[in-house]
Amino acid sequence: MSVVDVLVVGAGPAGLAAGIEVAKRGGRVCVVDRNLEPGGQLVKQIHKFFGSREHHAGVRGVDIAAQLLEEARALGVTLRLGWEVFAIRPGHAVDIVQAVADDATGSAGDAPTERFDARSVVLAAGAEENALQFEGWTLAGVMGAGAAQTLINVWRVRPGKRVLMVGAGNVGLIVTYQLLQAGVTVAAIIEAAPRIGGYGVHAAKIRRAGVPILTSHTILRAEGVECVEGAVVAQVDGTWCPIEGTERRFDVDVICVAVGLHPNTRLASLAGCRLVFSPALGGWVPLHNAFLETTVPGIYVAGDAAGIEEASTALEEGRLAGIAAYERLRDVDAEGHAEIAAIQRRLDDLRGGPFCGGIRAAKSALQTTGETPCPAT
Amino acid sequence: MPGNLSQDGYLSLDELRSAPGVPSHDRMRRGPVAVIECVQEIPCNPCEAACPHHAIRVGTPITNCPVLDPEKCTGCGLCVTQCPGLAIFVVDLSRSGETAAVTLPYEYLPLPEAGELVDVVDRSGEVVGRGRVLRAATTRATDRTAAVTVEVAREHGMNVRGIRREEVDGNGHDR
Amino acid sequence: MRIERHPILGQLAEAREITLRVDGRVVKAREGEPIAAALAAAGIRVHRYTAKRSEARGILCAIGQCTDCAMIVNGMANVRTCITPVADGMVVETQRGVGRRSEM
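Residues numbered from 1 in each chain as written. Chains lettered and ligands numbered in written order. Predicted model: local features only at pLDDT ≥ 70, side-chain atom pairs only at ≥ 80, totals over all residues. Heavy atoms only, no water.

A few words on the pairing of strand β5 (residues 93-98) of chain A. Residue and element names in this part refer to chain A. For β5, a buried count of six out of six residues is recorded, marking the element as mostly surrounded by other parts of the structure. By the alternation rule, side chains of β5 split into Ala93, Asp95 and Val97 and Val94, Ile96 and Gln98, which are all buried. Joining the antiparallel neighbours strand β4 (residues 83-89) and β5 is a turn of three residues, in which Gly91 adopts a positive phi near 130°. The sheet contact formed by β5 and strand β6 (residues 113-123) spans five bridges and is antiparallel. Its bridge partner being in β6, Asp95 is matched across the sheet by Arg115. (Buried < 20%, exposed > 50% of the residue type's maximum accessible area, 1.4 Å probe, protein only. Helix = DSSP H or I, 4+ residues; strand = E, 2+ residues; numbered from the N terminus. Pairing = 2+ DSSP bridges.)

A few words now on helix α1 (residues 13-24) of chain A. Residue and element names in this part refer to chain A. Its twelve residues give α1 an end-to-end C-alpha distance of 16 Å, which sits within 8% of 16 Å, the value for a rise of 1.5 Å per residue. Counted residue by residue, α1 has eleven buried out of twelve residues, so it is predominantly covered. Within two residues after α1, Gly26 carries a phi angle of roughly 85°, on the positive side. (Expected span 1.5 Å × (residues − 1).)

On inspection of all chains with the given rule, the structure shows zero disulfides over all chains. This cysteine, Cys227 of chain A, is not joined by any disulfide, and Cys256 of chain A carries the nearest cysteine sulfur, 15 Å off. (Disulfide = S-S within 2.5 Å.)

Another aspect to go through is the interface of chain C and chain A. In this complex, chain C contributes 43 residues to the contact, which on the side of chain A involves 43 residues. By the criterion of area lost to chain A, the three top residues of chain C are Ile3, Arg45 and Gln65 of chain C, representing 20% of everything that side buries. The partner of Glu84 of chain A in a salt bridge is Arg80 of chain C, and the shortest N-O contact between them spans 2.9 Å. Where chain C touches chain A, the interface holds 13 residue pairs in polar contact (both at pLDDT 80 or more). (Contact = heavy atoms within 4.5 Å. Buried area = accessible area lost by both parts, 1.4 Å probe. Salt bridge = Lys/Arg side-chain N within 4 Å of Asp/Glu carboxyl O. Polar contact = N/O pair within 3.5 Å; in protein donor to acceptor, adjacent residues only side chain to side chain.)

As a further point, take the packing of α1 of chain A against helix α7 (residues 311-327) of chain A. Residue and element names in this part refer to chain A. For the pair α1 and α7, interaxial distance at closest approach is 7 Å and the crossing angle is 35°. Crossing hand, α1 versus α7: right-handed. The segment α1 lies against α7, with Pro13, Ala14, Ala17, Ala18, Glu21 and Val22 engaging Ala311, Ala314, Leu315, Gly318, Arg319, Gly322, Ile323 and Tyr326. (Axes fitted to C-alpha atoms, helices over the stretch in contact; angles between N-to-C directions. Left-handed = near helix turned anticlockwise from the far one by under 90°.)

On to the confidence of the model for chain B. Averaged over chain B, the pLDDT score is 92; the fraction of residues at 70 or greater is 92%. For the stretch residues 169-175 of chain B, pLDDT sits under 50, and the model shows 22 contacts to residues farther than four places along the chain or on other chains. (pLDDT = per-residue confidence, 0-100.)

Turning next to the packing of α7 of chain A against helix α8 (residues 334-350) of chain A. Residues and elements named next belong to chain A. Look at α7 against α8: their axes get within 10 Å of each other, and the N-to-C directions meet at 160°. The angle between α7 and α8 places the two elements in the roughly antiparallel class. In this structure, α7 meets α8 at a crossing whose hand is left-handed. Residues Ser312, Thr313, Glu316, Glu317, Arg319, Leu320 and Ile323 of α7 form the contact with α8, whose participating residues are Glu339, Ile340, Ile343, Gln344, Arg346, Leu347 and Leu350. Looking at the contact of α7 with α8 residue by residue, the class counts come to six nonpolar, three polar and five charged. (Parallel < 35°, antiparallel > 145°, perpendicular 65-115°, else oblique. Nonpolar A, V, L, I, M, F, W, Y, C, P; charged D, E, K, R; others polar.)

Residue and element names in this part refer to chain A. In this sheet, β6 lies alongside strand β1 (residues 2-9) in parallel orientation, the contact comprising seven bridges. Within β6, the position partnered with Val3 by the bridge is Asp117. Two elements, β6 and strand β19 (residues 299-301), share three bridges in a ladder whose sense is parallel. Bridging across to β19, Val121 finds its partner in Ile299.

What follows is the structure in structure tokens.
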């Protein structure tokens, strides 16, 4: 059994940032991730980030990931890649199992396990893509937009020749752009709502590349025997119901689903953290305070696992959780307080503007009343 | 073609006219000038730092839309490749011969070559005419965003925002 | 289906060639990539068939969370091919159902 000060689950931006903060303070930290390649979703983000200079604005996500990894390794953060956490017991004893073995096979009944004795745990395992159930949704070729992004930007493989993108939020718009950069045709983006949810500048890029965006449209079915051969869409009325006679077929071999993400809450749930349902944050999320501590003392949450936002907020929350997870062992000193205050200010900056109103309200409500605001509609 | 940002995904000329980053027609006729087509309040400010002439102001909070000072702007185009949203262009309506030059950010392969004739498109992706590529280049400082300058008919100076992409595969070969 | 040249990611780097056998057929792969990447590059989209209705399944999440990409690898069932790297001589088979006891 290994003893660490902090055990971090997930080597994405939040997890790596947490590990770095602990190591900077001289703490022993181990970051566990099921992927042999660390960096989480950051390694797929080949576009330049928004925000300000201190938020790495103008830098491509994939380059930020490389910088984080280098910093983590230089500071002596232990990385256990290809391992998965399967239990967190009071105290906290954290059990991990090898998900991908050295001989390149998957885990079996007798895959090696290890136990860590951790004084604090940071849950930073991110999110899962929401599924959308329509006739034919299980055909090969129907995949998450994030999945398509993994194929083109990490595996350097095209998912197919022609794509229908479902969802015009930022993920749908950005992945469409990246599919075009990868030499894949996007026949159209459909969006059930009457408005495009993502940033205007992301929509503008793909519109001038000739990709139509059909608002108030839904997918009726995917066609094909085992694999996608086409998609049929229809316009919807004010009650989300398809309007007869508006069906239209697209000749596509891939359907990407970009209808939102929800936080990964399995480990939080297993460990006994109280979850609350927050639509603005993507669904069930561990209740946490301003220091990102859950209802189980010593268990923290950061990044998309604490509510669906972005890479830049994940980085900041990771830093905050790392400091809080390590410092809980002693009184937080003045320097620690100043750093935490600076992080919270940068998080407020990132959550400014009309696009983030729901998130600001939800995070604030979680942290003050422990409840979630009722949605307006 | 009229557009509405949240429905069609691109700005109409009306929406543009009231944007603080869009200079007057008169200014465009005097020489190259930046046109910042950014109208939503998003936390983002690399354009401010990119301009060596301090012609772009965002300030705080960083959700402010960028404001262009058309008198300080020289149309150098450094901002074009720094905007993460690829929302900044340079337009020059001062050229002779009834032409305009539009500089736009470009992140596809193949990169066009100077002298090439291309189809030019408006914000909705519709082809509005032909254009001649004057310049197309990336540098280390632009971090893989190319600046492409294309000569178009003058009346298209405020319309053309892209060049038509051929159906190419990732190897740069025509399909 | 490989992306050789990319405007942001550049030229695809050289990688040692790995040989897999997928349902008896030779499939070439690049060292370091997950099994599912080699299959996608080879145009193989169906990874398994479901237990009850024998329906085809392929990549859904691509990051090891959903298990739709599971196949039998070197005799072991339920291997998530999207996170498991290729190895020389690896035997990959389309999985039917949840796997036999002998494959666990």
